[in-house]
Amino acid sequence: MDADTRLPIEPWAGRDAEQLAAWLRTHPGVEVVCRDGSLVYRQGITDGAPDAVQVSDRFHLWHGLSKRAGDVAAAHRGCLPSAVPEPEPALPPSPAAPSDQADTPARRRAKYSSMRCTQ
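Reference entry: report on the structure contained in this document.

Rules behind the numbers
- Residues numbered from 1 in each chain as written.
- Predicted model: local features only at pLDDT ≥ 70, side-chain atom pairs only at ≥ 80, totals over all residues.
- Heavy atoms only, no water.
- Core = buried A, V, L, I, M, F, W, Y, C linked by side-chain atoms within 4.5 Å.
- Buried < 20%, exposed > 50% of the residue type's maximum accessible area, 1.4 Å probe, protein only.
- Helix = DSSP H or I, 4+ residues; strand = E, 2+ residues; numbered from the N terminus.
- Contact = heavy atoms within 4.5 Å.
- Expected span 1.5 Å × (residues − 1).
- Polar contact = N/O pair within 3.5 Å; in protein donor to acceptor, adjacent residues only side chain to side chain.
- 1 Å grid on protein atoms, 1.4 Å probe; cavity = no way out; pocket = protein on both sides within 12 Å on 5 of 7 lines; lining within 4 Å.
- Points joined across faces, edges and corners; volume = space filled by probe spheres on them.
- Nonpolar A, V, L, I, M, F, W, Y, C, P; charged D, E, K, R; others polar.

On to the nonpolar core, then. Of all hydrophobic cores here, the largest spans 8 residues; its members are Leu20, Trp23, Leu24, Val33, Tyr41, Ile45, Ala49 and Ala52. Contributing elements (two or more residues each) for this core: helix 1 (17-25) and helix 2 (39-48). A total of 3 residues in this core trace back to one element, the largest contributor, which is helix 1. Each residue touching Tyr41, except ones within four places of it in the same chain, is listed here: Trp12, Gly14, Arg15, Leu20, Arg35 and Asp36.

Set out below in structure tokens:
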């Protein structure tokens, strides 16, 4: 894709480094190449357009970031219980609250959620 016009330059088929390098040599002036994490593409771009800046595409950038965040969270999973404050004791039911309230799905969800949080 041409970043200025946002139009396709030429369809690309294959993942061969030498073909990509040859294609880049026939298209001088390429300044930035957006690519995935493939080492084959990295080598082809380095050979064919050595001065071009290589950047990650949006999908792979977010994918890599979310993977690293998950790895960090997993590595520190054991630290989480000590970082969570003790829950406050539950208050006794208010005598002013009517005991004949209708049992609705919303009330059941709220009751279930509060039970899960205090256990």
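Attention shifts here to helix 3 (residues 58-75). For helix 3, with 18 residues, the first-to-last C-alpha span of 26 Å sits near the 26 Å given by 1.5 Å per residue. Judged by how many residues are buried, helix 3 sits mostly at the surface: 0 of 18 residues are covered. Between the side-chain oxygen at the start of helix 3 and the backbone nitrogen of Phe59 there is a gap of 3.2 Å, and the oxygen is on Asp57.

Of the pockets and cavities examined, the largest pocket occupies roughly 810 Å³. Forming the walls of the largest pocket are 24 residues, and the residues nearest its centre are Met1, Ile9, Trp23, Val32 and Val33. Elements represented by at least two residues in the lining of the largest pocket include exactly helix 1, strand 1 (32-35) and helix 2. Examining the composition of the lining of the largest pocket, we find that 4 residues originate from one element, strand 1, more than from any other. Class assignment for the residues of the lining of the largest pocket results in 16 nonpolar, 1 polar and 7 charged.

These results come straight from atomic positions and should not be treated as a statement about function.
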